[in-house]
Amino acid sequence: MTVTTKTNPGRFFEDFRLGETIHHATPRTVTAADAALYTALYGSRFAVQSSDEFAHRIGYERSPLDDLLVFHVVFGKTVPDVSLNAVANLGYANGHFLRPVYPGDTLSTVSEVIGLKENSNRKTGVVYVRSRGFNQHGYGVLDYVRWVMVRKRDEAAPAPEEHVPDLPAAADPSTLGVGCPPIDGEAYDDVLAGSLHRWGDYARGERIDHVDGMTVEEAEHQLATRLYQNTAKVHFDQHAAAGTRFARRLIYGGHVISLARALSFNGLGNAFHIAAINGGRHVAPLFAGDTVYAWSEILDVAEAAGRPDVGALRIRTVATKNRPCADFPDRTGGEYDPAVILDFDYWALIPR
Amino acid sequence: MTVTTKTNPGRFFEDFRLGETIHHATPRTVTAADAALYTALYGSRFAVQSSDEFAHRIGYERSPLDDLLVFHVVFGKTVPDVSLNAVANLGYANGHFLRPVYPGDTLSTVSEVIGLKENSNRKTGVVYVRSRGFNQHGYGVLDYVRWVMVRKRDEAAPAPEEHVPDLPAAADPSTLGVGCPPIDGEAYDDVLAGSLHRWGDYARGERIDHVDGMTVEEAEHQLATRLYQNTAKVHFDQHAAAGTRFARRLIYGGHVISLARALSFNGLGNAFHIAAINGGRHVAPLFAGDTVYAWSEILDVAEAAGRPDVGALRIRTVATKNRPCADFPDRTGGEYDPAVILDFDYWALIPR
Amino acid sequence: MTVTTKTNPGRFFEDFRLGETIHHATPRTVTAADAALYTALYGSRFAVQSSDEFAHRIGYERSPLDDLLVFHVVFGKTVPDVSLNAVANLGYANGHFLRPVYPGDTLSTVSEVIGLKENSNRKTGVVYVRSRGFNQHGYGVLDYVRWVMVRKRDEAAPAPEEHVPDLPAAADPSTLGVGCPPIDGEAYDDVLAGSLHRWGDYARGERIDHVDGMTVEEAEHQLATRLYQNTAKVHFDQHAAAGTRFARRLIYGGHVISLARALSFNGLGNAFHIAAINGGRHVAPLFAGDTVYAWSEILDVAEAAGRPDVGALRIRTVATKNRPCADFPDRTGGEYDPAVILDFDYWALIPR
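Residues numbered from 1 in each chain as written. Chains lettered and ligands numbered in written order. Predicted model: local features only at pLDDT ≥ 70, side-chain atom pairs only at ≥ 80, totals over all residues. Heavy atoms only, no water.

A word on the overall build of chain A. Within chain A, the regular secondary structure consists of nine helices and 15 strands. Taking 352 residues into account, the globule formula puts the C-alpha radius of gyration at 20 Å, and chain A, at 20 Å, falls close to it. Projected onto the principal axes, the alpha-carbon positions of chain A cover approximately 70 × 45 × 40 Å. Burial status across chain A gives 66% buried among its 352 residues. A total accessible area of about 11,800 Å² is found for chain A, and carbon and sulfur atoms account for 50% of it. Considering chain A, the positive charge centre built from 35 side chains and the negative charge centre built from 43 side chains are found 6 Å apart. (Helix = DSSP H or I, 4+ residues; strand = E, 2+ residues; numbered from the N terminus. Rg over C-alpha atoms; globule rule 2.2 N^0.38 Å. Buried < 20%, exposed > 50% of the residue type's maximum accessible area, 1.4 Å probe, protein only. Areas by Shrake-Rupley, 256 points an atom, 1.4 Å probe, with all protein chains shown as cover. Lys, Arg positive; Asp, Glu negative; His and termini not counted. Charge placed at Lys NZ, Arg CZ, Asp CG, Glu CD.)

Quick look at the structure:
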């Protein structure tokens with residue numbers, strides 16, 4: 001019997017080199033079917049992504065795929081190379097949506113290692129990657145940074161020179177809008193869109209409870225995570241999970257982001273396009289059977305440079321589990337309310 | 001901190017005005033992906049909706065979307081405006097399918113308030129709406145009446161003048177057939193369709209046990225109901241449901257109708273098009289883990305005016321939970337068998 | 001009250017005649033939505049089936065549907081006629097994939113009864129059928145034999161003359177390759193495909209542990225099995241199942257094959273096309289909540305006649321439940337390890 005190792009063991013911390021480029025496998029043609037599955041998984045109701053007619057009338061070719069669906073597909077490709085041996089996905093930053101993705105486009109991902117920092121326990125280290133999603137024409141559609149804590153294969157392996165990238169707290173509003181065609185505000189029908197509130201109606205500091213709750217089932221997050229071809233073992237293997245601290249499968253953090261974003265329609269119905277991800281943090285894990293709620297704060301209201309048609313809202317969306325958000329559970333003095341699971345900071349575009 | 005109410009609180013009973021028109025949000029482009037998801041959710045096997053070849057050969061452009069899928073999408077849009085504060089969905093009547101819906105069509109819904117009746121407890125009232133679904137060309141595809149019991153915001157609010165619309169017990173057969181192109185009965189292949197029984201083989205009073213059972217999972221009804229962008233909270237929020245009478249999420253009634261219709265293929269395999277919904281009543285709630293069975297009675301066998309190709313069957317389909325239907329559990333003396341969950345009366349077209 | 005039997009009772013053993021041809025119902029147009037659902041259900045990552053660009057570059061029109069998706073759809077059609085009264089699905093053999101299936105193709109199935117053998121208990125018998133799947137142009141896309149144990153309606157019914165077909169242990173490599181267009185090996189990008197191992201890198205006797213595990217939920221296998229319009233009652237009816245030996249719904253065996261094949265990407269990432277099914281046996285049932293693992297052995301490495309572009313690997317994939325496969329749980333002395341649920345022998349094509 002010959003036993004060979006043709007399987008992918010994933011990279012360990014000491015396998016990453018600062019500045020190296022990783023071309024990820026499994027390009028993926030996304031279609032209207034991915035959009036329909038996305039609707040079935042999250043119940044998203046933004047008119048631009050729901051109706052080809054609506055999208056076409058305001059300036060898109062047709063309905064673009066949901067920005068977060070694009071994010072998940074682009075992200076999924078990085079998992080076998082970046083986070084198969086990850087202990088935790090620590091955060092996202094500096095994300096930009098660069099171009100609409102339409103049904104029929106084929107997405108692929110390339111990452112660059114932009115930071116490395118071994119932890120003091122010498123058992124793990126933090127890897128920073130900038131990942132870029134491209135369409136079949138080679139145009140970038142998405143660009144973001146994430147950092148993950150990755151196990152070392154060998155504790156004795158020498159630590160690389162520490163390099164922590166300098167990341168902006170938020171995208172500059174002047175960079176927003178490249179991923180959104182010019183919008184015909186006259187053609188944008190607020191009644192069909194489901195919200196009468198446009199850019200000028202939102203104020204810095206405003207808080208919105210998104211009210212509704214969504215309970216998550218194992219089958220749902222597994223279907224979603226496989227749809228994104230995200231192979232992280234922790235989401236799928238209950239037999240292995242039984243022996244872990246949580247004794248449960250962990251739900252892919254991106255699933256929570258999409259749930260919170262879909263819930264946020266109730267209050268942010270015209271904020272149809274995510275232009276940039278400023279930062280994201282999974283504060284606590286979500287498990288099947290839990291119910292997700294969300295609230296948002298308007299962190300900033302800005303003009304999008306050169307765009308008389310749309311303005312930008314910097315939104316911080318906080319998601320909780322098993323706790324409605326009428327009183328805006330938050331972080332106080334560095335400590336999060338124990339119900340909080342997600343703290344997500346992004347720029348959205350909304351008609352003026 | 002500024003807290004604003006940009007979220008949709010839904011309408012309460014006293015917010016409805018007789019005769020008012022409500023344009024519902026979130027137009028939806030339906031595609032072959034919705035059809036595939038519908039198949040995955042219900043296992044429907046009607047050849048016309050399953051095979052573009054079969055449909056084209058008998059006279060359709062290609063496979064139309066399942067009539068009930070159209071119903072659910074059109075219905076879903078009404079929820080945020082009509083039934084967000086509903087206590088119960090009481091019934092449907094006077095529904096007509098007016099035109100085939102094909103992949104790529106975009107559906108939107110407009111409702112008219114056609115009846116109002118406050119309940120004697122003054123806490124709730126019944127709202128009757130006629131909802132019309134349109135395609136992107138402005139043509140009506142579906143038209144139906146439903147009535148729901150809606151909470152009052154304020155018990156002291158004055159009661160509107162009572163008006164209960166007069167609704168026909170069943171559609172007149174002369175009105176059927178508009179939603180179905182001329183069918184080439186020679187080209188209609190009974191073997192491929194899976195049934196040798198055509199219009200002339202059914203008799204008034206005939207009863208058919210559909211035999212098979214289908215157990216429903218939480219993930220399934222949630223995926224379905226989100227696919228229809230139906231936002232009724234009772235289907236999705238287990239945290240809130242835990243404190244209610246049933247302590248469970250309620251399954252969207254339309255999910256039961258679709259399950260019963262899919263089961264009815266076994267005995268009604270050629271009754272490929274729902275032409276009209278005469279009436280529908282959700283007798284009892286369905287919960288995840290329950291198994292649905294169904295039986296049907298042929299209430300009437302009629303010619304469809306001006307249609308030598310197809311005839312009409314008026315069918316009453318009764319669905320039960322956790323009880324096979326070999327002995328046709330029914331209503332006796334006004335009381336339903338405790339297993340009955342649905343009593344659905346409709347006209348279907350079937351080749352002659 | 002008239003009760004008629006228009007429902008399909010299914011065939012019993014004595015209803016089958018050697019040599020008879022059965023045209024199965026419900027032709028099915030398969031689309032990109034079926035491909036997306038397949039990805040969501042199994043997480044498959046073969047680049048040819050995932051990316052239209054990748055597939056087109058190497059010689060396909062676009063991404064073909066996964067071979068096993070085609071198998072399941074073709075198989076599903078046979079259930080109402082062949083295995084509605086089956087006690088057990090005993091095995092598959094002599095399967096050939098004859099032509100790529102693309103989104104938009106319409107599949108139908110015809111079976112021939114090629115063997116009959118009553119069991120000594122006289123209560124059941126084994127039926128052998130050769131089923132052929134066709135596309136809308138009448139071209140064969142798949143051809144395979146399966147045998148099932150079917151109940152007799154009447155124990156006293158006379159036994160048919162026994163005939164057991166002679167089936168080859170494995171397809172001859174000279175017959176492989178008809179279902180795969182000429183592949184441009186230069187254009188085949190190993191990095192995008194996710195594996196650096198081509199035909200020449202595999203050796204007879206080599207064993208590969210596919211490492212990852214996938215837990216199955218009720219909603220998942222039900223969605224899959226309905227998507228294939230497979231109506232076997234044992235997969236869907238928990239109320240009836242409660243009274244059986246297992247007290248659970250049984251998971252469609254094909255679901256296990258697809259899970260094992262998707263897991264096998266990790267080690268066999270370039271073996272993109274199943275050319276032939278030599279044999280398959282469901283050793284033990286799988287239930288929801290179980291976690292599936294798999295390992296493979298390279299049984300043979302062969303040239304595919306007339307194909308300088310691709311070679312063939314004869315692969316035996318063994319799937320287990322709730323037991324990782326690092327030590328290759330197997331059959332020893334005729335007895336399978338109790339964790340084994342599937343023993344599947346097939347030929348795959350892989351670029352040279």
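That was the structure; now back to the text.
This part covers the interface of chain B and chain C. In this assembly, 48 residues from chain B lie in contact with 36 residues from chain C. Summing both sides of the interface, chain B and chain C together bury roughly 3,300 Å²; the carbon and sulfur share of this comes to 58%. For the pair chain B and chain C, the interface holds four salt bridges. A salt bridge links Glu206 of chain B to Lys6 of chain C, with the nearest nitrogen and oxygen atoms 2.5 Å apart. (Contact = heavy atoms within 4.5 Å. Buried area = accessible area lost by both parts, 1.4 Å probe. Salt bridge = Lys/Arg side-chain N within 4 Å of Asp/Glu carboxyl O.)

Once that is clear, we can look at the relation of the copies chain A and chain C. When chain A is brought onto chain C, the operation consists of a screw motion whose angular component is 120° and whose axial shift is 0.0 Å, with 0.0 Å RMSD remaining. Such a turn and shift between the copies fits a three-fold axis. Looking at the rotation axis and the C-alpha trace of chain A, the residue lying nearest is Ala33 of chain A, at 2.7 Å. (Least-squares fit on C-alpha atoms with pLDDT ≥ 70 in both.)

Counting residues at the interface gives 36 residues for chain A and 48 residues for chain C. Taken together, the two surfaces of chain A and chain C that pack against each other cover about 3,300 Å², and 59% of this comes from carbon and sulfur. Of all residues in chain A, the largest losses of buried area upon contact with chain C belong to Lys6, Arg226 and His239 of chain A, amounting jointly to 21% of the total for that side. Counting across the interface, chain A meets chain C through 22 residue pairs in polar contact (both at pLDDT 80 or more). Counting residues per element, the ones that place at least two in the side of chain A that touches chain C are strand S1 (2-3), strand S3 (28-29), helix H1 (32-42), helix H6 (218-227) and helix H7 (238-241) of chain A. Of all the elements, H6 of chain A adds the most residues to the side of chain A that touches chain C, at six residues. Taken together, the residues of the side of chain A that touches chain C sort by class into twelve nonpolar, 16 polar and eight charged. (Polar contact = N/O pair within 3.5 Å; in protein donor to acceptor, adjacent residues only side chain to side chain. Nonpolar A, V, L, I, M, F, W, Y, C, P; charged D, E, K, R; others polar.)

Another point: the relation of the copies chain B and chain C. Superposing chain B onto chain C takes a rotation of 120° plus a shift of 0.0 Å along the axis, which leaves an RMSD of 0.0 Å. An asymmetric contact is evident, with only 8% of the interface residues of chain B recurring at the interface of chain C.

We now examine the pairing of strand S6 (residues 124-134) of chain A. Residues and elements named next belong to chain A. Judged by how many residues are buried, S6 sits mostly within the fold: nine of eleven residues are covered. Direction of pairing for strand S5 (residues 106-118) relative to S6: antiparallel, over a ladder of ten bridges. Of the residues in S6, the one forming a bridge with Gly115 is Tyr128. In sequence, S5 turns back onto S6 through a hairpin of five residues, with Arg122 there showing a positive phi of about 65°. Taken together, the eleven bridges between S6 and strand S7 (residues 140-151) define a ladder with antiparallel strand orientation. Bridge assignment links Gly125 to a residue of S7, and that residue is Val150. Between the antiparallel neighbours S6 and S7 lie five residues, among them Gly138 with a positive phi of about 85°. (Pairing = 2+ DSSP bridges.)

What follows is about the domain arrangement of chain A. Residue and element names in this part refer to chain A. You can read the domains of chain A as domain 1 (1-155) and domain 2 (194-352). When each unit is reduced to the centre of its C-alpha atoms, the spacing between domain 1 and domain 2 is 18 Å. Listed by partner, the interface residues are 34 residues for domain 1 and 35 residues for domain 2. Note on domain 1 versus domain 2: buried area summed over both sides is about 3,100 Å², and carbon and sulfur give 61% of it. Joining domain 1 to domain 2, the criterion identifies zero salt bridges. (Domains from an automatic or database assignment.)

Along a regular strand, successive side chains alternate from one face of the sheet to the other. Residue and element names in this part refer to chain A. Within strand S15 (residues 340-351), twelve of the twelve residues are buried, leaving the element largely enclosed by the surrounding structure. Bridge count for strand S10 (residues 273-282) against S15 is eight bridges, and the pairing is antiparallel. Looking at the pairing, Gly279 lines up with Asp345 of S15. Across eleven bridges, the pairing between strand S12 (residues 310-321) and S15 is antiparallel.

All names here are of chain C. Within helix H1 (residues 32-42), nine of the eleven residues are buried, which leaves the element mostly enclosed by the surrounding structure. Turning to H1, its buried residues number three or more, namely Ala33, Asp34, Ala36, Leu37, Tyr38, Thr39, Ala40, Leu41 and Tyr42. With a side-chain oxygen positioned 3.0 Å from the backbone nitrogen of Ala33, the residue opening H1 is Thr31.

Let us look at unusual backbone geometry. Even without being a glycine, Arg122 of chain B presents a positive backbone phi close to 65°. Position of Arg122 of chain B relative to the elements: it lies in the loop between strand S5 (106-118) and strand S6 (124-134). With phi around 60°, Asn322 of chain C is a residue other than glycine that occupies positive phi space. Turning to its location among the elements, Asn322 of chain C is positioned in the loop between strand S12 (310-321) and strand S13 (331-332).

Every α-helix winds through 3.6 residues per turn, so residues three or four apart in the chain are directed the same way. Its 16 residues place the ends of helix H4 (residues 67-82) of chain B 22 Å apart at the C-alpha level, agreeing with the 22 Å of an ideal helix rising 1.5 Å per residue. Among the 16 residues of H4 of chain B, 16 are classified as buried, and the element is accordingly described as predominantly covered. (Expected span 1.5 Å × (residues − 1).)

Let us now look at the packing of aromatic side chains. What the rule picks out here adds up to 48 aromatic pairs over all chains. Centre to centre, the rings of Phe246 of chain B and Phe287 of chain B are 5.3 Å apart; their planes meet at 55°, and the pair counts as tilted. Placement of Phe246 of chain B in the loop between helix H7 (238-241) and helix H8 (253-263) and of Phe287 of chain B in the loop between strand S10 (273-282) and strand S11 (291-303) is noted, with a sequence separation of 41 residues between them. You can call Phe287 of chain B buried: its relative accessible area is 12%. Clustering of aromatic rings is evident, with ring pairs tying together Phe71, Phe75, Tyr92, Tyr144, Tyr228 and Tyr252 of chain A. (Phe/Tyr/Trp six-rings, centres within 6.5 Å; stacked < 30°, edge-to-face > 60°.)

Let us look at the pattern of salt bridges. Applying the stated criterion across every chain, the model contains 82 salt bridges over all chains. Arg249 of chain C serves as the salt-bridge partner of Glu217 of chain B, at 2.9 Å between the closest nitrogen and oxygen. Of this pair, Glu217 of chain B sits in the loop between strand S9 (214-215) and helix H6 (218-227) while Arg249 of chain C sits in the loop between helix H7 (238-241) and helix H8 (253-263), each in a different chain. Judged by relative accessible area, Arg249 of chain C falls into the buried class, the value being 4%. Two residues, Arg316 of chain C and Asp343 of chain C, come together in a salt bridge whose shortest N-O distance is 2.8 Å. With a gap of 27 residues between them, Arg316 of chain C in strand S12 and Asp343 of chain C in strand S15 (residues 340-351) connect regions that are remote in the sequence. For the residue pair Arg316 of chain C and Asp343 of chain C, the accessibility class agrees, reading buried in each case. Among the charged side chains, a network of salt bridges with common partners joins Arg207, Glu297, Arg316, Asp330 and Asp343 of chain A.

All names here are of chain B. Interhelical geometry of helix H1 (residues 32-42) versus H6 gives an angle of 155° and a closest axis separation of 10 Å. Comparing their axes, H6 and H1 come out roughly antiparallel. With respect to the hand of their crossing, H1 and H6 are arranged in left-handed fashion. Contacts from Asp34, Leu37, Leu41 and Tyr42 of H1 reach H6 at Glu220, Leu223, Ala224 and Leu227. Its residues assigned to classes, the contact of H1 with H6 shows six nonpolar, no polar and two charged. (Axes fitted to C-alpha atoms, helices over the stretch in contact; angles between N-to-C directions. Parallel < 35°, antiparallel > 145°, perpendicular 65-115°, else oblique. Left-handed = near helix turned anticlockwise from the far one by under 90°.)

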